[in-house]
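Secondary and tertiary structure notes
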Amino acid sequence: MQEREAKLAVPVGFELPELGGADDGFLAEPQAPKRMRTTYYDTPDLRLARWGASLRHRPGEGWTVKLPVGQEGALLVRGEHVFPGDGRKPPEEAVDLVRAFVRSGQLSPVVRMRTLRRPVELRDQAGAPLAELVDDEVQVLDGNRISSRFREIEVELAEGETADALERVLERVLERLRQAGAEAADPTPKYLRALAGRDGQLGPELAQPELDPHASVEALLRHDLAAGTMRLFRHEAAVRIGEDPEAVHQARVATRRLRSTLRTFRRLLEPEWTARLRDELKWLADLLGAVRDADVLLARFHGHLAALPEADAKAGQRLLKSLVERREADRGRLLGAMGEPRYTTLLDDLVAAAAAPALLPGADQPADEAMPPLVAKPWRQLRKTVRSAGPDPADEELHQIRIRAKRVRYAAEAVEPVIGKPAERFADAAADLQDVLGDQHDAVVGETWLREAARSARRDEALVAGLLVAAERASAAASRGAWRSVWQALDKKKLRAWF
């Protein structure tokens, strides 16, 4: 589930106001107070805290993992996942969800707290849950001694309500609490508040350094490698959960982007270090790619089936059964690899690379001088490939143009912090070319899969395969007709103006 909550600070002596009156538009039902003991686990260097995640155990509740998502206005939004188990050892399924943050670190108890919770359930007039308000008095423990105390109010919204209904309830509740003396608070989770005395350890493990146009090569590389690594880490748990295909897509993009940066700037980097890291990223990218490629085909085919009569759509679903099974087998291989020491080592290596890329002696020059010529190389290769393809390129030639356009895009994005708007516009134009040729390639791959599947399909399934082939051909033709004008728009961006 996704936890969405607002937090408020309260002064000494604060009393919760009466809620649920006629003007409030909701009912308030106070519940029996609860006394809770909570133990938070983390690595000795507090990696979970530094990534905004947490792993806790409460007797009677089991284990809870909270993953960072972001903020929606006053709301702190986090993914929440609960696992059964006693407090002796975190279950592997819970640890897997924080593997990217923990990596080879060892988990152990770092914070213990006691909480007196006074909950109030907020419901609509029909009795459906809207939110839960909790008034928590927290004692942070150091052995048997209380090391600190704090009190906070949380309003956690229920799942499933419409955004408008929730916003009205939240605003009304917060207004009533503020009138009673509560104040808006920084949405800091309890675990981080309990670590307040260890502020020196709570800086982010990875950060993108602020860059100016005169940044060094090392600073720019750290910035770009950190961006790719953070992108991978933030989608890693969702890849494991498997509910959102976009997570696999984003993780795959992260690995490709990292490999592209290492490829583009390899002249400035230690060769053995670069080759090893690129090889390991390719291993992971190939595993992610197998799942992603199946997701892309399934999304395309389901879109086509939605336009067909019900009987044909049902036959089409049977036709796609083998693709669904292949996708699940590929996902199984991916998850198996993510449980290997090799994968954990790669994650550690990425953090180390983002902190200190292995530059060759003398390579740490001003980035605005050293980097643009390196971007020019993939650009020259792209232009040469386009010229060689002629006026009517074969499908494979268009695919190669797309691959080279992607390299140009990633290289331009990498130097954007020091080059500025020209690099941004150039990268956007390269992305447009990559997109139109990506659709053309997906259509060609889709037609190939459909033709192969039709060979062993039932008659009604084979007929549907023919309809889908026609749709993929039309899509491929449209992209083929559009790519040349998109290329010309990119070619006008004048990369040489950077120098």
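Below you will find a few notes about this structure. Note that this is a predicted model, so its numbers are computed, not measured.

1. Let's talk about unusual backbone geometry
Glycine aside, the phi torsion of most residues is negative, and most peptide linkages are trans. Positive phi is not limited to glycine here, since Leu 46 has a value of about 60°. Tracing the chain through its elements places Leu 46 in the loop between β3 (34-42) and α1 (47-51). Of note in the backbone geometry, Arg 103 takes a positive phi value of approximately 55° without being a glycine. Among the structural elements, Arg 103 can be located in the loop between α3 (99-102) and β7 (108-123). With a relative accessible area of 3%, Arg 103 lands in the buried category.

2. A few points about the pattern of salt bridges
Any two side chains of opposite charge can pair, on the condition that their charged atoms come close. Using the criterion set out here, one finds 51 salt bridges in the structure. Residue Arg 78 is joined to Glu 3 by a salt bridge in which the shortest nitrogen-to-oxygen separation is 2.7 Å. Of this pair, Arg 78 sits in strand β6 (residues 75-83) while Glu 3 is found in strand β1 (residues 2-9), placing the two residues 75 residues apart along the sequence. When the shortest N-O distance is used, the salt bridge between Lys 282 and Asp 286 registers 2.8 Å. With Lys 282 and Asp 286 both in helix α8 (residues 271-305), this residue pair falls four residues apart, about one helical turn. On the basis of relative accessibility, which here comes to 39%, the residue Lys 282 falls in the partly exposed class. Judged by relative accessible area, Asp 286 falls into the partly exposed class, the value being 44%. A single network of salt bridges, built from pairs that share partners, joins Glu 3, Glu 5, Lys 7, Lys 66, Arg 78, Glu 80, Arg 117, Asp 136, Glu 152, Glu 154, Lys 190 and Arg 193.

3. Overview of the packing of helix α6 (residues 217-241) against helix α11 (residues 341-355)
Following both chains from N to C, one finds α6 and α11 inclined at 150°, their axes separated by 8 Å at the closest point. The angle between α6 and α11 places the two elements in the roughly antiparallel class. When the axes of α6 and α11 are compared, the crossing they make is left-handed. Residue-level inspection shows Arg 222, Leu 225, Ala 226, Thr 229, Leu 232, Phe 233, Glu 236 and Arg 240 of α6 in contact with α11, the latter providing Tyr 343, Leu 347, Leu 350, Val 351, Ala 353, Ala 354 and Ala 355. Considering only residue class, the contact of α6 with α11 consists of eleven nonpolar, one polar and three charged.

Quick notes on the rules
- Residues take numbers from 1 onward in each chain, read along the sequence in its written order.
- Note on the predicted model: pLDDT of at least 70 is required for a residue's local features to be given, and 80 or more for side-chain atom pairs to be given and counted; whole-chain, interface and lining totals, by contrast, use all residues.
- Side-chain calculation: all heavy atoms of the structure are included, whereas hydrogens and water are not.
- Secondary structure elements are defined from DSSP: runs of H or I of at least 4 residues count as helices, runs of E of at least 2 residues count as strands, and each element is numbered from the N terminus.
- Per-residue accessibility, obtained with a 1.4 Å probe over protein chains only, is compared with the maximum for each type, and a residue is labelled buried under 20%, exposed over 50%, and partly exposed between these values.
- What makes a salt bridge here is a side-chain nitrogen of Lys or Arg within 4 Å of a carboxyl oxygen of Asp or Glu, nothing more.
- Between N-to-C directions, angles span 0 to 180 degrees; the directions come from axes that are lines fitted to C-alpha atoms, helices contributing only their stretch in contact.
- Reported orientations rely on four angle classes, namely roughly parallel under 35 degrees, roughly antiparallel over 145, roughly perpendicular from 65 to 115, and oblique for the rest.
- Crossing handedness is read from the near helix: turned anticlockwise from the far helix by less than a right angle, it gives a left-handed crossing, and turned clockwise, a right-handed one.
- A contact between two residues is defined here by any heavy atoms of the two lying within 4.5 Å.
- Amino acids outside the nonpolar list (Ala, Val, Leu, Ile, Met, Phe, Trp, Tyr, Cys, Pro) and the charged list (Asp, Glu, Lys, Arg) are all regarded as polar, and Gly is one of them.

Nothing here speaks to function; it is all geometry.
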